[in-house]
Amino acid sequence: MSSTVSDFVIDRLIAWDLHQFYGFPGDGIGGFDGALDRAQSDGKDFRYVRPTHEEIAAFMACAHAKFTGGIGVCIATSGPGAVHLLNGLYDAKMDNQPVVAIVGQQGRVALGSEAQQELNLERVFTDVAGYVQTVLTPMHAQMVVDRAVRIARAQRCPTVVILPADIQDMEVAEPDLEHWVSRTGVGHASTVLTPPDAELRRAAEVLNAGSRVAMFVGQGARGATDEVIAVAEQLGAGIITALLGKDVVPGDLPYHTQQLGLLGSRPSYDMMQDCDTLLMVGSNYPYAEFLPKTGQARGVQIDLSPRHLSLRYPMEVNLAGDAKATLAALLPHLTRQEDRGWQEKVIEGMKDWNEVTEREAMTEADPINPRYVYHLLNERLPHNCIVTADAGSTADWYGHHIRLGRDMSGNLSGMLASMLASMPYAVAAKFAHPDRPVVCTIGDGAFQMLGMNELLTVKRHWASWADPRFIVLVLHNNDLTQVSWEMREVGDPRYDTAQRVESMDYAAFAEVLGLRGITVDKPDQVAAAWDAAFAADRPVVLDVHTDPNVPPLPAHISFAEAKGFLTTLVKGDPAEASVIRNSLRAVGAQLFAGAKKAVPGDHS
């Protein structure tokens, strides 16, 4: 048995097969920090990474869970350190990711006395966590840690273990065989659950009756790629992926129409408008206005979380189960749809859409079209790369232009849609997979928030990575672009005082840290910059000067709608002329690509 409660907690986490910890020190967690030092000196099987901020540590823990399928661990001190974890823990909660947070607290005798940095941490974390508990005695530690890990995994949520400062250095005690004492063990229950056969048959009856089946696939189907494709082949369906599930279905599958909604594709929109059957798998897609009208389509939904079933659309059959196991059990009940007209229509629509996005990427901008930057990145993605995007305009370009292959991964802050998460996600991805190239795409506003700080973490650790390729694409446009467009959408001009981002030389900052910095301010430099970044022997910051007024217009908007919409919204906007000009170019590119097939001749 370990000597102190802190020693025990570390050993217990390792026994649960948790080996990657992200944390920030402080006196409120000092005893645990000392135990980490002892454990590292003893060669115990874990790695502790100290990023530059507790918020980053929590985001990294969430990203670790996303990129490994395991449980993330973050550690923080009491008071302000604990509060700093909240944003990353809410990211984990809202994206259904298991994370265990170890948090310091003032000594037990001080609780309730308004001591310095004393917060009611159980109350603070009650909303974000599925389990919050203060360790009250040395004997208590085993049960609290075991429940925190088990609940995090079973319920796919954050949990919090609070360690008062005096408890941390106490001698650990084996739980006694006595009243009130729980004696717990290590081990997860399987979540590979399948619904009863009768429910599967009901679902199959609905799906077999459909002639225009649309599948909507989210992150809950990760690991079920083959089953998703097999079902689509059997039903002659088209597949839409949620942004968090973008890498679940290969980007080159011809009837995979990528995303839906404001950053989705026209074929995805058309599929939802025209389908007579909807099969939703592992997604809690929040934008219900883009789903079929009520009564238009019969619905079947598969989700491991029963609380997500029939939440966004009134489903006829709800299947609570693991996506992979449930799809595999469903397949034998499905009959092959011989008429491939619907699927062929989806395929043709996607061919047209790919031409649209390419033409939009090639339209002129001042100085560089951000779509063009992503278009050229997509052409160069290594076979096993990981791509992260931020919650701003980078998410639009990621959704529109990036096509992830079967062996690639991608992710971002989804339901919370927090700025700056792209950078800690990328760093955590690199720690989880040091042999894979990672590309972080982030706006200059998010990069200045906390993202720049994490280049210090990269500087500290990159030499230990088996593959040094770690590329940070900064869209340098001196604007909080997504918010500027959101302001225009509600009828307000861009507010320069709030929206302007102070310009700086991001490439030079990288060079100061011993990394590689590349400045790109002309379109003809973009391709060479990407090639140089992927060939570099160290992490690279691409400081790409892009046009903030290239519009993230919805895929389904018409030329007339765009013209009227934009001329109404940008009156008084500092960038009015550029916004209208670029927006009409974008819509014109859509109309040109969509119409050219009807007109014979050379359209080059």
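Now for a quick tour of the structure. (Residues numbered from 1 in each chain as written. Predicted model: local features only at pLDDT ≥ 70, side-chain atom pairs only at ≥ 80, totals over all residues. Heavy atoms only, no water.)

### A short note on the sheet that holds strand β11 (residues 317-320)
- Spatial ordering of the open sheet is given by β8-β7-β9-β10-β11, a layout of 5 strands whose pairing is parallel. A single partner strand is all that each edge strand has here, and the edge strands are β8 (238-241) and β11. With direction set aside, neighbouring strand axes in the sheet form an average angle of 15°.
- Bridge analysis of strand β7 (residues 213-217) against strand β9 (residues 277-281) gives 5 bridges, and the strand direction is parallel. Within β9, the position partnered with valine 213 by the bridge is threonine 277.
- Contacts from helix α9 (residues 197-209) reach β7, β9, β10 (298-303) and β11 within the one sheet, and its direction differs from that of β11 by about 130°. (Pairing = 2+ DSSP bridges. Helix = DSSP H or I, 4+ residues; strand = E, 2+ residues; numbered from the N terminus. Axes fitted to C-alpha atoms, helices over the stretch in contact; angles between N-to-C directions. Contact = heavy atoms within 4.5 Å.)

### Structural notes on the nonpolar core
- Core analysis: the biggest nonpolar cluster contains 58 residues, and Leu89, Phe125, Met423 and Val472 have the highest contact counts within it.
- When residues in this core are grouped by element, the largest group, 9 residues, is from helix α3 (residues 54-68).
- If we ignore the near neighbours within four places in the chain, the residues touching phenylalanine 125 are Ala82, Leu86, Leu89, Val103, Val132 and Val160.
- Formed by 50 residues, the second largest nonpolar core is a distinct cluster that contains Ala224, Ala237, Met315 and Val346. (Core = buried A, V, L, I, M, F, W, Y, C linked by side-chain atoms within 4.5 Å. Buried < 20%, exposed > 50% of the residue type's maximum accessible area, 1.4 Å probe, protein only.)

### Here's the deal with the pairing of strand β14 (residues 438-443)
- Among the 6 residues that make up β14, 6 are buried, leaving the element largely enclosed by the rest of the structure.
- A two-sided burial pattern is seen for β14, the buried positions comprising Val438, Cys440 and Ile442 on one face and Val439, Thr441 and Gly443 on the other.
- Inspection of the sheet shows β14 paired to strand β15 (residues 470-476) by 6 bridges, in the parallel sense. When the sheet's bridge partners are listed, valine 439 is paired in β15 with isoleucine 471.

### Some details on the pattern of salt bridges
- Applying the stated criterion across every chain, the model contains 23 salt bridges.
- With its nearest N and O atoms 3.7 Å apart, the salt bridge here joins glutamate 379 to arginine 380.
- One salt-bridge network, in which partners are shared between bridges, spans Glu379, Arg380 and Asp531. (Salt bridge = Lys/Arg side-chain N within 4 Å of Asp/Glu carboxyl O.)

### Here's the deal with the pairing of β9
- Counting buried positions over the 5 residues of β9 gives 5, a clear majority of the element.
- A two-sided burial pattern is seen for β9, the buried positions comprising Thr277, Leu279 and Val281 on one face and Leu278 and Met280 on the other.

### Examining the sheet that holds strand β4 (residues 99-105)
- Pairing within the open sheet is parallel, and its 6 strands lie in the order β2-β1-β3-β4-β6-β5. At either end of the open sheet lies a strand with only one pairing partner, and these are β2 (47-49) and β5 (131-134). Each strand of the sheet is rotated relative to its neighbour by a mean of 20°, with strand direction disregarded.
- Two elements, strand β1 (residues 20-23) and β2, share 3 bridges in a ladder whose sense is parallel. Within β2, the residue paired with phenylalanine 21 across the bridge is tyrosine 48.

### Considering the environment of glycine 104
- With respect to the helices and strands, glycine 104 occurs in strand β4.
- On a C-alpha basis, the gap between glycine 104 and proline 370 in space is 43 Å, while along the polypeptide they are 266 residues apart.
- Sequence-distant contacts of glycine 104, that is, excluding residues within four places in its chain, are made with Gly28, Ile29, Ala76, Thr77, Ser78, Leu121, Leu163 and Gln168.

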